[in-house]
Amino acid sequence: MNDVSVRVATEADRQQLEQLIADCYEEIYPNWYGDEMIYSSLTHVLRLDPLLLQDGHYFAAQVDGELAGCGGWGRAANGPNADNGSLGHLRHFATHPNFMRRGVGAVILEKCVAAAKADGISALHCFSSVASERFYLNHGFTKVQDVSVMLGGDEPFPAILMERKLG
Ligand SMILES: CC(C)(COP(=O)(O)OP(=O)(O)OC[C@H]1O[C@@H](n2cnc3c(N)ncnc32)[C@H](O)[C@@H]1OP(=O)(O)O)[C@@H](O)C(=O)NCCC(=O)NCCS
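Given the structure is predicted, the values throughout are model-derived calculations rather than measurements.

(A) The arrangement of helix α1 (residues 14–28) in detail. Under the 1.5 Å per step criterion, the end-to-end length of α1 is 21 Å for 15 residues, consistent within 8% with the ideal 21 Å. Within α1, the full set of buried residues consists of Leu17, Leu20, Ile21, Cys24 and Tyr25. Seen from one end, α1 has its buried residues packed into an arc of 130°, which puts them on one side. Among the exposed residues of α1, those oriented more than 90 degrees off its buried face are Gln15 and Glu26. Elements in contact with the buried residues of α1: α2 (35–44), β2 (58–63), β3 (66–75) and β4 (87–95).

See below:
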């Protein structure tokens, strides 16, 4: 495997990262979701949350000097499923089609886990796409339940709520 290096992403990376995420979805999602859903996820999910970039919670991975993947985490908003602020949520994970299945996603995920633990987070949740369920299962997550996420369009996005306890 090529060496994967990971750094904190900043607002200056936004355009490149959003393009990478779009390239990823266009490659992966046609096998799992219909055209309308892909259009909806591309148009509504694709704006990276500025808070992730401001807080230093979003990571960019490079392989051989090229941007290869990204992903991050944030504190879950307080709500019925929140655990007094100790619950984190993985956000916007994507690997560029040219770099898939080379460990990029795993490296970013473990970076998020370490950072979240250091910040006092006791469990991480994510809304996994149907396409990524296996990836999260292979990395210590368990399925909580199927969910429908409203991304901003009319149709709900079928996803899976996954959880990993951070010991
Ligand atoms: C989920 C995702 C980020 C994983 O990215 P990735 O960089 O390909 O992840 P990894 O390489 O760490 O692991 C993926 C697979 O490659 C395998 N792999 C890792 N390194 C490898 C290597 N050097 N050689 C061969 N296979 C390897 C892993 O074992 C894993 O295999 P499995 O899933 O068949 O068990 C990526 O598939 C993706 O972008 N999906 C679409 C977007 C998406 O759904 N994002 C999540 C929204 S919540």
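(B) Structural context of the site of the ligand. Neighbouring the ligand are 22 residues; Thr95, Arg101, Gly105, Ala106 and Ser129 lie closest to it. Those elements that place two or more of their residues in the shell around the ligand are α1, β4, α4 (104–118), β5 (123–129) and α5 (133–137). In terms of residue class, the shell around the ligand is built from 11 nonpolar, 8 polar and 3 charged.

(C) Representation of the nonpolar core within the structure. Grouped together as the largest cluster of nonpolar side chains are 34 residues, with contacts concentrated most on Leu17, Phe59, Ala61, Cys70, Val104, Ile108 and Cys112. With 6 residues, the top contributor of residues to this core is α4. Discounting chain neighbours no more than four positions away, the residues touching Leu17 are Ala9, Leu48, Ala60 and Cys70.

(D) Spatial organisation of the sheet that holds β4. Strand order in the open sheet formed by 7 strands is β1-β2-β3-β4-β5-β7-β6, with mixed pairing between adjacent strands. Bordering the open sheet on either side are β1 (4–8) and β6 (142–149), each of which pairs with just one other strand. Mean inter-strand twist for the sheet, computed between neighbouring axes without regard to direction, equals 25°. Direction of pairing for β3 relative to β4: antiparallel, over a ladder of 6 bridges. Within β4, the position partnered with Gly72 by the bridge is Arg91. Along the sheet, α4 makes contact with β1, β2, β3, β4 and β5, crossing β3 at roughly 30°.

Conventions and cut-offs
Residues numbered from 1 in each chain as written. Predicted model: local features only at pLDDT ≥ 70, side-chain atom pairs only at ≥ 80, totals over all residues. Helix = DSSP H or I, 4+ residues; strand = E, 2+ residues; numbered from the N terminus. Expected span 1.5 Å × (residues − 1). Buried ≥ 20, exposed ≤ 12 C-beta atoms within 10 Å, placed from the backbone. Arc of directions from axis to C-beta. Contact = placed C-beta atoms within 7 Å. Near = placed C-beta within 6 Å. Nonpolar A, V, L, I, M, F, W, Y, C, P; charged D, E, K, R; others polar. Core = buried A, V, L, I, M, F, W, Y, C linked by C-beta atoms within 7 Å. Pairing = 2+ DSSP bridges. Axes fitted to C-alpha atoms, helices over the stretch in contact; angles between N-to-C directions.

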